[in-house]
Amino acid sequence: MKFNNALSRVMTNQEKLAYKLIAPAILVLLLIVGYPFVMGIYLSMTDATIGTSSTFNGLANFIWLAQSRLFQTALENSLIFTLISVVIKFLLGLPLALLLNLNLKPKKLIRGIILLPWVIPTVLSATAWKWIYDPTYSVFNWLLLNAGLIDEKILWLGSPWMAKISVILVNIWKGTPFFAINIMAGLMTIPKELYEAAKTDGANSITCFYKITLPMLKPVLAFVILFSTVMTIGDFNIVYVISKGGPINSTHLLPTLAYQIGLITGNLGRGAATALFIFPVLLVVVYLQQRISKNKNDW
Amino acid sequence: MNKKFLIFFILLICSVSLVFAAGATEKQAPKKSLSILMFSSFVAENDSELREIAKEFGEMKGIDVEVEFLGIQEMYPKLTAEVNSRSGHDIVGLENLQVSLYQNALLPINDIIEKIVDELGEFPASSITAVVRDGDWKALPWWIVPFNATYREDLFKEVGHAAPNSWDDLLVAGRALKAYGSPIGIPFGSCGDANNSLYQLMWGFGGGLADANGKIIVDSKETRNAISFAKQLYEQAMPAEVIGWSDNGANNNFLLSGVGSWSLQPISVWVTASKNNPSLAEKFNHHGALEGPAGRFGSGDFYSLGIWEFSPNADVAKEFLAYLYEKQIMNRYLTSGKGFNLPTHSYYYDHEIFSHPKLQGLKGYADAFRTTGFPAPPDQRAQDAYQRWVVPNLFYKVVSGRVPMDQAINETVKELLEIGYTR
């Protein structure tokens, strides 16, 4: 009886119950995410190398990085890679979502196929793309040569700009389904009555899209763009598998550089600093996303 | 007290007691063990043989021996984690300058080396450079994967040339082969094969990144000659696509496709062809390091075995390393490698495996072998330069025509200063 009363009191105070129920998840997050993050910040301010004791050196690693030509190249590459990838993923994802939202047959099969690039493990798909780009056995080159569209093989990874385009293409191929499926989910929440009312007032499809669809999708778009930006700027696997940062560092990104400096060269302090350098930029992106999400819609 | 709570409490106490009891039981009967972390060999039989050797050692000593294999690139984070946590395996496989990276965590094994030297003689200079740090042997030299040349003997004969002995011979033969439709190729991209190929070409012309004191020497006539030669080789003897070779498999594919006639590559191409295309395999052969104006230099990957200084089984780990170098054991291991592994000790240079007609060209390669970063010290800076692809990037810029020679050299000097070398 007393146990039942105690249980009943706990269940009635929902706010306290909520905190108690999410406490284990928060604890796990603190251990798996929080601890490494704090350790990373600590390491980034030391001269830590593998197997030696470290001393605090403040912002010395960040200053060294800022002056490093290789870091500047990787930072520039990361920003270009992220900007181009996210914009194109959005431009492709939105129309794809609009198409997927139509009552096509077979709808579930099409949606499943669209999702495939997203669900296949990145290392696996990157390995397949590496074969597609292979200088000797490229299937792209084989198709284009046999179709008579080119006379010589295209060196997909042979020049800095071609290599950049090639890895960006893979990121777009992988990430567009994420945009499409999430935007499609957002589209499904827009009340149909709004469109009916708009059409009654004489609005055409384009007007409906700009006046109803886009404003209603703003919170979803903000979420999707934020997540995609974070995931794209942190993309390691595609570049590591396909190009290893080459040729001549043209595809080197901050994550691949952090790995190279920290683990391959053994300079843990500078590796951590490299990984954390983009953190302030991401904070700004999160802030902007929060601002956009909070805007209320008048309709 | 509530009945449900009482039952729950009793169950909890019983569970906790069982856990402690199991732990105590384990502590009462500890069994000696040895764990080994090894990089996967290209030849799978090598790994099987090592497992077998480890098992026999364990049975002989009455201990559990466990061997785990990982790819080379996976070894880096694993080894770093073990050093930072001061726990993990007892013996670890090390590639090239990983000895330098982890030298503070490796147990000196001077006593084991002394026994081997007493039995077999001195190790060659390349082994000493690879594993000795501050006068201590930090790892046991194990084997070298040589970057000898793999070439199509039939195609060379077709154009009237023998296997090249020098870089100049290669250029002459290469022109003829390209005209015949079977060009040669070496990678210039961001990959280990490009490092190994271009370092030995650079050394052959007397070039280098830094000298034994860490002073930058890349801005020299010798390095410029090497780069100019590479440009000639690319333009006159190679297909344009080699500039896009960005991974270690590209030159393999080039040769295995039947199009390529020569590349710097361990015997892996021949081994693969032997399984998948025996008639093509028959046409391949191998030759050693090429001679350049500054001498004959070879490159490759140097593998060694180290013991963590925090290993609780250091004594038995040392016994295992000594066991590996016993004649019958090493002979077995080299046989299982099918010639892929060159021994690091001259005692085993004439192992019967190298009397195979396709492998005779590898004899003596270890004498020409130089460790990564030569002539600079084999330290973290050399590792940094190697992993940043400093040499491939330098050659790529000039050979592809993207950057003039002087600018490329200046950019490389700046990068080497950043790495920690001095003017």
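Caption draft 1: Here's a closer look at the overall build of chain A. Within chain A, the regular secondary structure consists of 14 helices and 0 strands. The linear arrangement of helices and strands in chain A, starting from the amino end, is α-α-α-α-α-α-α-α-α-α-α-α-α-α. Its C-alpha atoms give chain A a radius of gyration of 24 Å, clearly above 19 Å, the size a compact globule of 299 residues would have. With the principal axes as the frame, chain A shows a C-alpha extent of 70 × 60 × 35 Å. In chain A, buried positions account for 36% of the 299 residues. Restricting to contacts in chain A with at least 6 residues of sequence separation, those with at least 24 account for 69%.

Caption draft 2: Broad picture of the domain arrangement of chain B. All names here are of chain B. Domain parsing of chain B yields domain 1 (33-146 + 300-366) and domain 2 (149-298 + 388-419). Taking only C-alpha atoms into account, the centre of domain 1 sits 29 Å from that of domain 2. Contact with domain 1, which involves 14 residues of that partner, is made by 13 residues of domain 2. When its residues are assigned to classes, the side of domain 1 that touches domain 2 shows 8 nonpolar, 4 polar and 2 charged.

Caption draft 3: A look at the interface of chain B and chain A. If you look at the interface, chain B gives 35 residues, while chain A gives 29 residues. Put simply, the parts of the chain that give the side of chain B that touches chain A at least two residues each are helix H1 (3-28), helix H3 (72-85), helix H11 (250-256), helix H17 (380-387), helix H18 (390-399) and helix H19 (405-419) of chain B. Residue composition of the side of chain B that touches chain A, by class: 14 nonpolar, 13 polar and 8 charged.

Caption draft 4: Highlighting the nonpolar core. Core analysis: the largest hydrophobic core is formed by 168 residues, its most contacted members being Ile242 and Leu254 of chain A together with Ala230 and Phe395 of chain B. Counting only domains with at least three residues in this core, you end up with domain 1 (33-146 + 300-366) and domain 2 (149-298 + 388-419) of chain B. For phenylalanine 395 of chain B, the residues in contact, after removing those within four places along its chain, are Phe188, Leu198, Ile227 and Ala230 of chain B. Judged by nonpolar contacts, the second largest core, of 13 residues, contains Ala97, Leu217, Val220 and Ile225 of chain A.

Caption draft 5: Focus on the packing of helix H10 (residues 221-237) of chain B against H18 of chain B. All names here are of chain B. The geometry of H10 relative to H18 is characterised by a closest axis approach of 9 Å and an angle of 60° between their N-to-C directions. The angle between the axes of H10 and H18 places the two elements in the oblique class. Where H10 crosses over H18, the two elements pack in a sense that is right-handed. Note on element contacts: H18 touches H10 through Leu394, Phe395, Val398 and Val399, opposite Ile227, Ala230, Lys231 and Tyr234. Tallied by class, residues from the contact of H10 with H18 come to 7 nonpolar, no polar and 1 charged.

Caption draft 6: Main features of the sheet that holds strand S9 (residues 284-287) of chain B. Residues and elements named next belong to chain B. Reading across from one edge, S8-S7-S9 is the order of the 3 strands in this open sheet, with antiparallel pairing throughout. The strands lining the two open edges of the sheet, one partner per strand, are strand S8 (262-264) and S9. Adjacent strand axes in the sheet meet at a mean angle of 25°, parallel and antiparallel pairs treated alike. As paired strands, strand S7 (residues 149-152) and S8 are joined by 3 bridges and run antiparallel to one another. By the bridge assignment, threonine 150 is partnered in S8 with serine 263.

Caption draft 7: Looking closely at helix H2 (residues 14-44) of chain A. All names here are of chain A. Look at H2: 41 Å from first C-alpha to last across 31 residues, which is about the 45 Å you get at 1.5 Å a residue. If you look at H2, its biggest bend is around 40°, right at alanine 23, and the proline proline 24 turns up within four residues after that. Burial analysis of H2 places just 2 of its 31 residues in the buried class, which makes it a mostly uncovered element.

Caption draft 8: A look at the pairing of strand S1 (residues 33-39) of chain B. All names here are of chain B. Among the 7 residues in S1, 5 count as buried, and that is most of the element. Pairing geometry for S1 and strand S2 (residues 64-70), over 7 bridges, is parallel. When the bridges of S2 are listed, leucine 34 appears paired with valine 65. Between the parallel pair S1 and S2, the chain is carried across by helix H2 (residues 44-61), and the sense of this crossover is right-handed. Note: S1 against strand S3 (residues 91-95), 2 bridges, orientation parallel. The residue of S3 that forms the bridge with isoleucine 36 is isoleucine 91.

Quick notes on the rules
Here the residue numbering is sequential within each chain, running from 1 through the sequence in written order. The order in which chains are written sets their letters, starting at A; the order in which ligands are written sets their numbers, starting at 1. Side-chain atom pairs in this predicted model are given and counted only at pLDDT of 80 or more, local residue features only at pLDDT of at least 70, and totals for whole chains, interfaces and linings cover all residues. Starting at the N terminus, helices and strands are each numbered in turn, a helix being any DSSP run of H or I of at least four residues and a strand any DSSP run of E of at least two. The globule rule used for comparison is 2.2 Å times the number of residues to the exponent 0.38, while the radius of gyration itself is calculated over C-alpha atoms. Partly exposed residues are those whose C-beta has more than 12 but fewer than 20 other C-beta atoms within 10 Å; 20 or more makes a residue buried and 12 or fewer makes it exposed, with C-beta atoms placed from the backbone. Note that contacts rest on C-beta atoms placed from the backbone: two residues are in contact if these are within 7 Å. Residue ranges for the domains originate in an automatic or database domain assignment. For this scheme, ten residues count as nonpolar: Ala, Val, Leu, Ile, Met, Phe, Trp, Tyr, Cys and Pro. Four count as charged, namely Asp, Glu, Lys and Arg, and the remainder, Gly too, count as polar. Each nonpolar core reported here comprises buried Ala, Val, Leu, Ile, Met, Phe, Trp, Tyr and Cys residues connected via C-beta atoms within 7 Å. Interaxial angles span 0 to 180 degrees and are taken between N-to-C directions of axes, which are lines fitted to C-alpha atoms, for helices over the stretch in contact. Should an angle fall under 35 degrees it is taken as roughly parallel, and over 145 as roughly antiparallel, whereas 65 to 115 is taken as roughly perpendicular and any remaining angle as oblique. In this scheme the crossing of two helices becomes right-handed for a clockwise turn of the near helix relative to the far one and left-handed for an anticlockwise turn of less than a right angle. When DSSP finds two or more bridges between two strands, those strands count as paired. Helices are assigned an expected span. That span is 1.5 Å times one less than the residue count. Note on bend: at a given residue it equals the angle between the axes fitted to the 7 residues ending there and to the 7 starting there. The definition of a right-handed crossover adopted here requires that, viewed with the strands pointing away, the path from the first strand over the helix to the second runs clockwise.

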